[in-house]
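Survey of secondary and tertiary structure
Spelled out, the chains give:
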Amino acid sequence: MSTTSGTGAVNYRNGTHRSSLRTQPSTSSAHKPSSLKSKSLLRKSSPAALGGAGGSKSGSGGDAGVPGRVRVAVRLRPRNGEEMIADADFADCVELQPELKRLKLRKNNWDTDTFEFDEVLTEYASQKRVYEVVAKPVVEGVLDGYNGTIMAYGQTGTGKTYTLGQLGEEDVADRGIMVRAMEDILAEVSLETDSISVSYLQLYMETVQDLLDPSNDNIAIVEDPKSGDVSLPGATLVEIRDQQSFLELLQLGEDHRFAANTKLNTESSRSHAILMVNVRRSLKPRDGLSSESNGNSHMTKSLKPPVVRKGKLVVVDLAGSERINKSGSEGHTLEEAKSINLSLSALGKCINALAENSSHVPFRDSKLTRLLRDSFGGTARTSLVITIGPSPRHRGETTSTIMFGQRAMKVENMVKLKEEFDYKSLSRRLEIQLDNLIEENERQQKAFVDEIERITVEAHNQISEAESRYANALEDEKQRYQNDYMESIKKLEENWSKNQKKLAAERLALGEKNGLDITSNGNRSIAPALEEVSELKKLLQKEAQSKMAAEEEVNRLKQQLNEFKKVEVSGNSEIMRLHKMLENETQQKEKLEGEIATLHSQLLQLSLTADETRRNLEQHGSEKTSGPRDSLMSQLRLPQIQDPGNAEKPPVARLFEQVGLQKILSLLEAEDADVRIHAVKVVANLAAEEANQQQIVEAGGLTSLLMLLKNTEDETIHRVAAGAIANLAMNETNQELIMDQGGIGLLSSTAANAEDPQTLRMVAGAIANLCGNDKLQTKLRSEGGIAALLGMVRCGHPDVLAQVARGIANFAKCESRASNQGTKRGKSLLIEDGALSWIVQNAKTETAAIRRHIELALCHLAQHEGNAKEMVKEGAIWELVRISRDCSREDIRSLAHRTLTSSPTFLTELRRLRVDIR
Ligand code: ADP
Ligand code: MG
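The shown structure was predicted, so the numbers you read here are calculated from the model rather than taken from an experiment. (Residues numbered from 1 in each chain as written. Chains lettered and ligands numbered in written order. Predicted model: local features only at pLDDT ≥ 70, side-chain atom pairs only at ≥ 80, totals over all residues. Heavy atoms only, no water.)

**Considerations on helix α6 (residues 177–188)**
Going by this rule: Secondary structure elements follow DSSP: runs of H or I of four or more residues count as helices, runs of E of two or more count as strands, with numbering from the N terminus. By definition here, a helix of n residues has an expected span of 1.5 Å times n minus one. Using a 1.4 Å probe on the protein chains alone, a residue whose accessible area is under 20% of its type maximum counts as buried, one over 50% counts as exposed, and one in between counts as partly exposed.
If you check α6, its first and last C-alpha atoms are 16 Å apart, about what twelve residues at 1.5 Å a residue would give, namely 16 Å. All of the buried residues in α6 are Ile177, Met178, Val179, Arg180, Ala181, Met182, Ile185 and Leu186.

Okay, structure coming up:
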């Protein structure tokens, strides 16, 4: 595969893993760096990713990786009036699972194929939604300067034109992709600086006609060898400035298409309609600079020319995909018939080549692929919507449309999902999920409780801290206050006594002087007293001040306390909130527990159904499975041997009495194949009832059934006869009879020639029953019974594999019994015939019915030391270890454990590899 980067071939290739080889798009100079993150890779799961080719401009970074594969959506058209009546009794041939992005295609009553798409649009999907998931990302890319293509592929009448071209003039909700795309483009561009021009073309029989100018009916396609750009210089190009003129243009094109097709005597379903929208945007130099500067010097900034960004949107309403009649029954010659669909088949080839990363993409093979060359692959975005109808009558066309869509998706995505209705493993998975949820819920609850506890403790601590701080501060303040007070008193007392002393001394001095003027004396003694008073006043003032300060301090502390209280309240509300959350959690838990209970009961019911089905299968040798799948049962219940026109079908038992067993058995050899088929169905139905079995065998029915395997080629007869034999093979005496009459050989050759899984299922069921007979082991094996069982696994159908596994388990069980009784020595015949590798390969299968038998078979084989070496060699020992640890059934788990620990060979091996299996 060529990987030369920069060549056209590489540019057109799709696929994420090659993105690093992709060259930069020619428009890369116009990319804003912001777009790198703003439109980074969109996930597949996001609906918007469809058509986004993984997100518009991330490719501008070179190897940021544009996953450029074609995005494929499937759209189902609702049943139309005719289908509602004609197909009223039939289920749709498809079932959509939009949430899983899956489509199930019904193959027949009991089998479906499942396919995955990027988007699955049901019959209820609105036009708006279809536009948003299919087209919008492509349109956004075009506005960003990329080319983009939107195509619709599908059988005529499935809604291609409705999806793309609906004008929606009567009902706006009906507007199709073309109309909505133009609306978005017009809303985004600025008409002063940008331009939009449109061409509308029709491609029929490799001729390009101009739908805007019908006289222009052979337009040449021109490719620029350098840039690879494709253009149609001859086509009319109409400048669009508003939505109305675009609608008129589309209407005109549609009218011309109709006229052209009438003239050419063609049907529009045979031609491709192509709308090309060229968007040219001028970015202001500033925009251009910011997009490109990337650290360029300031010098160059002012010199940058304005940037023009060009993008081209191509919308293709493809010709109907239905196969055209080669004989040209519509009045075409063979040559015409060939060229009518040439473009469509060339498109298929190109899509395949792109999807497979093939080094050569045959774009040149047709006009359509040449036209799409630059809008397809590389940095361009392509969305394909495949349209299908629901009718089972068109299953063939629907299938081929789906396969086209699947091929268009990347190769890695082409896995065809196999799906089985394995309710047990589904419910096991659900149970595991539930358990995980429950565990998570418990963990969260615990975390909540812890958190609440922590917050409570913290709040308590804070409160008590605040309280003690407050008390301390109060105490300090009181102390200080008291001290001050005491000191002041002391000072006052000192002063007072000082004054007293002074006064006494003065008085004394006065007494000694005698005869002094009392008045002057009195005046002298008042002065110091006034001083005293003013000092006292000062002191008092000071006291008042400090009292005020103390009060302020008290207020401050009070405020603090309030704040602490508030904190406490908010702490409490936090606790309340957490309590509420806890309550919610508890409710959630209760709800989950309710769901678990429902699931448990569903599980129980499923298990019961599964068990019942299994029991039926086992009891009736797989012929008489219950359930709607079994059309065989209903066929058996409609015997029409003697009077096919008889509308009232007698029950088999009555028929049995009326006609007589001998007569019915003789009809097994009738000349008329139809009679034989009916007869064998009746016998099979009778053989399904245990009460009839002995009578059938005694009357030679078993022999006749075995002869039918030998003497007819008809697979229906084989299937029904094998089913009847399987039923008869439930009984030990019959088992010997079957063996004596060469039954193994006959069943083996039936199996070798059979195609139908249901035939194989019944043959395998019959042999599986025989495998459970202790006496027949050697004979069964020597006549090729085990080989026949192993040969049937080629079919891969889970029902067949389950029967094969059951046979192997039955056989292994008999062998282990024999070896316990000492009647068997040497290796297992199963191992000799090579069954072990199949067993090991399938031991982990998801299908419960197969796995259970295989697990049992492994345990039985492991009972016999003669097998141990081989089991070690083939890796079966690891399956046993796994079973002993993980098997959902306790009895099998402990059986596996017991066998592992009782075999010296296994123990040695486990010890050697230091595997602990306590
Ligand atoms: P095609 O172009 O594939 O031949 P049309 O688009 O002409 O098919 O659709 C055929 C008919 O089915 C038209 O009448 C159309 O209106 C109707 N139709 C198609 N798809 C839908 C849909 N999703 N919902 C309703 N009607 C639809
Ligand atoms: Mg159409």
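Let us keep going from here.
**Details of the site of ligand 1**
As a reminder, the rule being used: Consider each residue's heavy atoms; a residue with any of them within 4 Å of a molecule or strand counts as near. Under this definition, polar contacts are N or O atom pairs within 3.5 Å; protein pairs additionally need one hydrogen-donor-capable and one acceptor-capable atom, and for neighbouring residues in sequence, both atoms have to be side-chain atoms. Calculation of accessible area relied on Shrake-Rupley with a 1.4 Å probe; when residues are assessed, cover is drawn exclusively from the protein chains displayed.
As a matter of local geometry, ligand 1 sits amid Arg75, Arg77, Pro78, Gln155, Thr156, Gly157, Thr158, Gly159, Lys160, Thr161 and Tyr162. For ligand 1, an oxygen atom lies 3.3 Å from a polar atom in the backbone of Thr158. Within the side chain of Lys160, an N or O atom sits 2.8 Å from an oxygen atom of ligand 1. A total of 550 Å² of accessible area belongs to ligand 1 in isolation, and the protein chains cover 64% of it.

**What about the environment of Val142?**
Stated precisely, the cut-off is as follows: We call two residues in contact whenever any of their non-hydrogen atoms come within 4.5 Å of each other.
The topology assignment puts Val142 in helix α4 (residues 127–143). Since its relative accessible area comes to 1%, Val142 is described here as buried. As for Val142 and Val279, which are separated by 137 residues in sequence, their C-alpha atoms are 7.2 Å apart. Excluding anything up to four places from it in sequence, Val142 contacts Asn147, Gly148, Val279, Gly311, Lys312 and Leu313.

**Points about the packing of helix α34 (residues 890–902) against helix α35 (residues 904–912)**
What describes two packed helices is the angle between their axes and the distance between those same axes. Basically, it comes down to this: Structural elements are reduced to axes, namely lines fitted to C-alpha atoms, with helices fitted over the stretch in contact, and the angle between N-to-C directions of any two is expressed from 0 to 180 degrees. For classification, angles of less than 35 degrees are called roughly parallel, those exceeding 145 degrees roughly antiparallel, those between 65 and 115 degrees roughly perpendicular, and all remaining angles oblique. In this classification, Asp, Glu, Lys and Arg are treated as charged, Ala, Val, Leu, Ile, Met, Phe, Trp, Tyr, Cys and Pro as nonpolar, and every other residue, Gly included, as polar.
Running from amino to carboxyl end, α34 crosses α35 at an angle of 85°, the nearest separation of the two axes being 5 Å. Taken as axis vectors, α34 and α35 run roughly perpendicular relative to one another. Taking contact as the criterion, the partners of Thr899, Leu900, Thr901 and Ser902 in α34 are, on α35, Pro904, Phe906, Leu907 and Leu910. Partitioning the contact of α34 with α35 into residue classes produces five nonpolar, three polar and no charged.

**A word on the nonpolar core**
So the rule is basically this: Working definition of a nonpolar core: buried Ala, Val, Leu, Ile, Met, Phe, Trp, Tyr and Cys residues. They are joined through side-chain atoms within 4.5 Å.
Residues Met792 and Met871 are the most contacted members of the largest nonpolar core, which totals 92 residues. Sort the elements by how many residues they give to this core and helix α28 (residues 798–820) lands first, with nine residues. The residues touching Met792, leaving out its near neighbours within four places in the chain, are Ala751, Leu760, Val763, Ala764, Ile767, Val800 and Val804.

**Side note on empty space enclosed by the protein**
Our working rule: Buriedness for pockets is judged along seven lines, at least five of which must meet protein on both sides within 12 Å for an open set on the 1 Å grid over protein atoms alone, while cavities are sets there where a 1.4 Å probe fits but cannot get out, and lining residues have an atom within 4 Å of a point. Grid points are joined across faces, edges and corners, and a volume is the space filled by probe spheres set on the points.
Throughout the structure, instances matching the rule amount to three cavities of 30 Å³ or more. For the largest cavity, the calculated volume is near 40 Å³. Lining the largest cavity we find Ala812, Glu815, Ser816, Ser819, Lys824, Ser828, His860, Leu861, His864 and Asn867. Element by element, the count of residues in the lining of the largest cavity is highest for α28, at four residues.

**Considering helix α27 (residues 785–792)**
Each α-helix turn comprises 3.6 residues. Residues three or four places apart therefore point the same way. With six of eight residues buried, α27 is to be regarded as a mostly interior element. Along α27, the positions that sit buried rather than exposed are Gly785, Ile786, Ala788, Leu789, Leu790 and Met792. Residues of α27 that are buried in the fold lie against α24 (743–753), α25 (757–771), α26 (777–782), α28, α29 (829–832) and α30 (835–842).

**Here's the deal with the pairing of strand β8 (residues 207–210)**
What counts is decided by this rule: Strand pairing is assigned whenever DSSP identifies at least 2 bridges connecting the two strands.
The pairing of strand β7 (residues 195–204) with β8 spans four bridges and is classified as antiparallel. When the sheet's bridge partners are listed, Gln202 is paired in β8 with Gln209.

**Description of the packing of aromatic side chains**
Threshold: The rule is short: rings of Phe, Tyr and Trp, with Trp giving its six-membered ring, pair when the centres are within 6.5 Å, and they are stacked under 30 degrees, edge-to-face over 60, tilted in between. A ring is scored as having a charge over it whenever the NZ atom of a lysine or the CZ atom of an arginine sits within 6 Å of its centre and within 35 degrees of its normal.
Scanning the model with the defined rule gives one aromatic pair in all. Ring geometry for Tyr153 versus Phe404: centroids 3.7 Å apart, planes at 0°, classification stacked. Of this pair, Tyr153 sits in strand β6 (residues 148–154) while Phe404 sits in helix α13 (residues 395–408), and the two are 251 residues apart along the sequence. Of the two residues examined, Tyr153 and Phe404, each falls in the buried class. Over the ring of Tyr146 we find Arg381; its NZ or CZ atom is 4.0 Å from the centre of that ring.

**Quick look at unusual backbone geometry**
Phi at Met205 takes a positive value of approximately 50°, unusual for a residue other than glycine. Its location among the elements puts Met205 in the loop between β7 and β8. The class for Met205 is partly exposed, based on a relative accessible area of 25%. The backbone of Arg914 sits at a positive phi, close to 55°, despite the residue not being glycine.

**Looking at the packing of α28 against helix α31 (residues 848–862)**
Defined as follows: Crossing handedness is defined as follows: a turn of the near helix away from the far one that is anticlockwise and smaller than a right angle gives a left-handed crossing, while the clockwise case is right-handed.
Contact geometry of α28 with α31 gives a least axis separation of 8 Å together with a crossing angle of 20°. By the angle between their axes, α28 is roughly parallel relative to α31. Relative to α31, α28 is oriented so that their crossing is left-handed. Two secondary-structure elements touch here, α28 through Pro798, Leu801, Ala802, Ala805, Arg806, Ile808, Ala809, Ala812, Lys813, Glu815 and Ser816 and α31 through Ala849, Ile850, His853, Ile854, Leu856, Ala857, His860 and Leu861. In terms of residue class, the contact of α28 with α31 is built from 13 nonpolar, three polar and three charged.

**Regarding the environment of Pro392**
Mapping Pro392 onto the fold places it in the loop between β14 (381–388) and α13. A residue is classified by how much of its surface remains accessible, and Pro392, at 17% relative accessible area, is buried. Placed 300 residues apart in sequence, Pro392 and Asp92 show a C-alpha to C-alpha distance of 5.9 Å.

**Some remarks on the environment of Trp878**
Here Trp878 lies in helix α33 (residues 876–886). C-alpha of Trp878 to C-alpha of Val840: the two residues are 38 residues apart in sequence and 9.1 Å apart in space. When near neighbours in sequence (up to four residues on either side) are disregarded, Trp878 contacts Leu910, Leu913 and Val915.

**Concerning the pattern of salt bridges**
Here is the rule: Salt-bridge detection follows one rule: a side-chain nitrogen of Lys or Arg within 4 Å of a carboxyl oxygen of Asp or Glu.
A complete count under the given rule lists 41 salt bridges for this structure. For Glu574, the salt bridge identified is with Arg577, shortest N-O distance 2.9 Å. Of this pair, Glu574 and Arg577 are both found in helix α15 (residues 518–619), three residues apart, which corresponds to roughly one turn of the helix. A residue is classified by how much of its surface remains accessible, and Glu574, at 26% relative accessible area, is partly exposed. Across the salt bridge formed by Lys844 and Glu879, the nearest N and O atoms sit 2.8 Å from each other.

From the geometry alone we can't say anything about function, so treat these as descriptive.
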